[in-house]
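Fold and geometry: a report
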Amino acid sequence: MSHLLPRSRGLAALATIGATAALALTACGTESDAPSGDEPASQAECQGPDGDYLIGMSQANNAEPYRVQMNDDIEAAAKEVDQFDVKIADAAQDSATQVSQVQNFITQKVDLLIISPNEAAPLTSVVADAYNQGIPVIVLDRKVEGDAYTQWIGADNEEIGKRAGEFVAKELLPDGGNVVEIRGLSGSTPAKEREDGFAKGIAGNPDIKIIDKGDGDWLLEDGQAEAQAMFKAHDDIDVVYSHNDPMGQGAAAAAEDAGVKDQIDILGIDGLPIPAGGLKSVETGELTATFVYPTGGKEAVDTAKQILIDCEDVPKTVTLETEQVTKENAAQIYEQNSTE
Amino acid sequence: MTTDTVAPAPQPPEPERTTKRRFVIPERFFTLQSYVALALVFVLSVAISPRRGGEILFLDTDNLLEILRQVSEIGIIAVGMTFVILIAGIDLSVGAVLGLASTGVASLLVIDGYGVLPAVLLILVIGLAFGAVQGTLTTFLGIQAFIVTLAGMQVARGLARIWSDGQVIGIAYGGGEGTVPDGFELLDSRTFNGTIPIPALIFVGVAIIALLVVRYTVFARHVYAIGGNERAARLSGIPVARVKITVFAIAGLLSALAGIIHAGQYNQGDPNAGIEYELDAIAAVVIGGTSLMGGVGSVAGTLAGALLLGILNNILLLKNIDSDVQLLIKGLIIVAAAGIQVFRPQQR
């Protein structure tokens, strides 16, 4: 074993030099967006359309429907590219597991790494390891610290919250009214951003008041319990703004129980194209509207294609647009986004 | 009940040697079992390892070092757990103490501006004291170790959350306010010509010290004697209370050490870190052939058990086996390891 390693490393080095030389000769790729300075040798890996590529995808956890959707989006998009073979690993919400996972992908010499980190700080150094060894890294949704990655793809939670707020201020309650807010897990950044964004969105209409806020921890059951308490405490609620669809679905059930479903509007966020998701809830009238929080799965595979097959440089940040979903367009968006 | 240390007659004249003869030989035999299992898993891993460009990925030096890094925390905790289980005890608090230590060291370094050395020493002392208190409670109040350490688990977790207000404390370097002295960064991933992970080195160090302790100290012989027959050990003049408290203190100390490493490896103090680590550590001990009844087993076996789990983890990840299936396989191996113990001579 000991005499094998250096030899294969030597071969790898030779191959790298060869590939670099070839690249230099053909001047493949554009220089437009390349970050200056210590850009690693990822471009040397680019074999264009003739290569076969192993892509490692490290998912923070497979327990949330949103993340399952992200995996599905990646797999569906990768299936369209013959050269791609994608391996998905589940860290089950454990950063230590995810660090091992990424390390394992490095050992497997994946051609590209996609990661949706469980937490930023613990994953930063292993992601930097991969990046510095020349593996292009696409970070999805949640971030890592520093800038040792190739591209971050994600949606803007504050922007989505703002869109929800504007929808309330302009369309649902142009003459003012009372809003209650069911927040996600306290201390999590999306919950804070969706809260701040919403406040900005309704700011233009001083007659709208947020009369109560509670934590639903992203869960249907907790959202339902929170909404139940709110319906008991207030009889003048016009709109329930829920930080995600499941809590909104819980609020809808509570509203049904309290006999106020017809008098109030419930807003969710995420808009997953699955049978239990927000798009269906809007279609059936359970929710008045939702806002699509895109997974970035398809976009990640597009970026992988640009890097590995088209040998192009890619921008450092890709911010995904949200889509407002109401009864009119729910079925159509479901059709577009579903990977089934 | 009073203990009469000059109790005469019925005991054989040299009880220490007797216990050695009765317990150490089967211990070696069962340590051998875990070595065989370890070798088996290793060979199997080489055989099924994915290859790329003719290289067996599993045998890649970086990968083997990565396995050592991955098992370092559990391995260090499992060493302490071995001593506890050898005296027929159990320590369920180790994972929570790891969480407390990681939170504590991050808090001392980031918020209170301590230097690395004082912060680390203080946390080690806290871990040691925590274990010693648990040992004292179980020894003098006669409460089962299971209950004492179950309570200890809640207390340590509670302390960790109170210490940090329930928040994760991020550890950042680079100078300026709120950053940590660079020395602490050594614990993160790699150093020494960029290859050998420091957590792996610390694990190896702890392992060597533990093996020496088992081989050369009176303390270790007392541990085996107490685990074999506590009453007999007491009657033969072994300071049972002191040894038991020391054992729990060692477990607490090593858990705190693992917690400090955890904070360094993941650049944060997390009050929720280490959940279920106690179970992984117990699994390593059991696979290593140590009997939960006490008195029989070895640190060497535990080390083999921890490495076996680490290799298994690694090869399953390399093969991209679903994490749910990984749990299943781990469970089967634990049952198999425990099942082998049925064939222990003295239990037939």
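Residues numbered from 1 in each chain as written. Chains lettered and ligands numbered in written order. Predicted model: local features only at pLDDT ≥ 70, side-chain atom pairs only at ≥ 80, totals over all residues. Heavy atoms only, no water.

As annotated in an unreviewed UniProt entry, chain B carries the name ABC transporter permease and is attributed to Solicola gregarius. Its UniProt record gives chain B the following Subcellular location (unreviewed entry) comment, quoted word for word: "Cell membrane". (UniProt positions renumbered as here; feature names shortened; annotations may be inferred.)

As annotated in an unreviewed UniProt entry, chain A is Substrate-binding domain-containing protein from Solicola gregarius. Turning to chain A, the UniProt record has this under Subcellular location (unreviewed entry): "Cell envelope". The Sequence similarities (unreviewed entry) comment attached to chain A in UniProt states, word for word, "Belongs to the bacterial solute-binding protein 2 family."

When helices and strands are tallied, chain B shows 13 helices and six strands. Counting over 348 residues, chain B shows a buried share of 52%. The contacts in chain B between residues at least 6 apart in sequence include a share of 76% that link residues at least 24 apart. Summing over all exposed atoms, chain B offers an accessible surface of approximately 15400 Å²; the carbon and sulfur share of this is 67%. (Helix = DSSP H or I, 4+ residues; strand = E, 2+ residues; numbered from the N terminus. Buried < 20%, exposed > 50% of the residue type's maximum accessible area, 1.4 Å probe, protein only. Contact = heavy atoms within 4.5 Å. Areas by Shrake-Rupley, 256 points an atom, 1.4 Å probe, with all protein chains shown as cover.)

What follows deals with the interface of chain B and chain A. Contacts between the two partners involve 26 residues from chain B and, on the opposite side, 24 residues from chain A. In terms of surface lost to chain A, no three residues of chain B exceed R52, Y266 and N320 of chain B, which account for 26% of the buried area on that side. The interface formed by chain B and chain A holds three salt bridges in total. Counting the contacts that link chain B with chain A gives seven residue pairs in polar contact (both at pLDDT 80 or more). Elements that contribute at least two residues to the side of chain B that touches chain A include exactly helix 2 (61–86) and helix 12 (299–318) of chain B. For the side of chain B that touches chain A, the leading source of residues is helix 2 of chain B, giving seven residues. Class assignment for the residues of the side of chain B that touches chain A results in eight nonpolar, nine polar and nine charged. (Buried area = accessible area lost by both parts, 1.4 Å probe. Salt bridge = Lys/Arg side-chain N within 4 Å of Asp/Glu carboxyl O. Polar contact = N/O pair within 3.5 Å; in protein donor to acceptor, adjacent residues only side chain to side chain. Nonpolar A, V, L, I, M, F, W, Y, C, P; charged D, E, K, R; others polar.)

All names here are of chain B. For M81, the position within the fold is in helix 2. The exposure class assigned to M81 is buried, which follows from its relative accessible area of 0%. For M81, the residues in contact, after removing those within four places along its chain, are D91, V94, E278, A281, I282 and V285.

The subject of this paragraph is the UniProt feature "domain: Periplasmic binding protein" (unreviewed entry) in chain A. On the UniProt side, "domain: Periplasmic binding protein" (unreviewed entry) is annotated at positions that read residues 55–308 of chain A here. Annotated as 46% helix and 20% strand, the span residues 55–308 of chain A places its first and last C-alpha atoms 10 Å apart.

Our focus in this paragraph is the packing of helix 3 (residues 95–107) of chain A against helix 2 of chain B. For the pair helix 3 of chain A and helix 2 of chain B, interaxial distance at closest approach is 11 Å and the crossing angle is 175 degrees. Judged on the interaxial angle alone, helix 2 of chain B and helix 3 of chain A are roughly antiparallel. Contact residues: V99, S100, Q103, N104 and T107 of chain A in helix 3 of chain A; N63, E66, R69 and Q70 of chain B in helix 2 of chain B. Looking at the contact of helix 3 of chain A with helix 2 of chain B residue by residue, the class counts come to one nonpolar, six polar and two charged. (Axes fitted to C-alpha atoms, helices over the stretch in contact; angles between N-to-C directions. Parallel < 35°, antiparallel > 145°, perpendicular 65-115°, else oblique.)

We now examine a nonpolar patch on the surface. Residue and element names in this part refer to chain B. A cluster of nonpolar side chains, V133, L137, L141, I143, F146, I147 and L150, forms an exposed patch at the surface whose accessible area comes to about 590 Å². For the nonpolar patch, the secondary-structure elements that each account for two or more residues are helix 4 (116–140) and helix 5 (145–164). Broken down by element, the nonpolar patch gets its largest block of residues, three residues, from helix 5. Within the secondary structure, L150 is located in helix 5. (Patch = residues over 30% accessible without salt bridge, like charges linked within 9 Å, V, L, I, M, F, W, Y side chains within 5 Å.)

Time to look at the nonpolar core. Ranked by internal contacts, the top residues of the largest apolar core, which has 60 residues, are V137 of chain A together with F58 of chain B. The element best represented in this core is helix 12 of chain B, accounting for nine residues. Here F58 of chain B is in contact with F42, S45, V46, S49, N63, L64, I67, I311, N314, I315 and L318 of chain B, once residues within four sequence places are set aside. In terms of nonpolar packing, the next biggest core, distinct from the first, is built from 49 residues, V180, A225, V247 and V299 of chain B among them. (Core = buried A, V, L, I, M, F, W, Y, C linked by side-chain atoms within 4.5 Å.)

Looking now at the packing of aromatic side chains. Residue and element names in this part refer to chain A. Counted under the stated rule, the structure contains six aromatic pairs over all chains. Both rings, one in F167 and one in F291, keep their centres 6.2 Å apart while their planes meet at 75 degrees; by these two values the pair is edge-to-face. Taken together, the residues span a long stretch of sequence, with F167 in helix 5 (residues 157–172) and F291 in strand 10 (residues 290–291) at a distance of 124 residues. F291 sits in the buried class, given a relative accessible area of 0%. (Phe/Tyr/Trp six-rings, centres within 6.5 Å; stacked < 30°, edge-to-face > 60°.)

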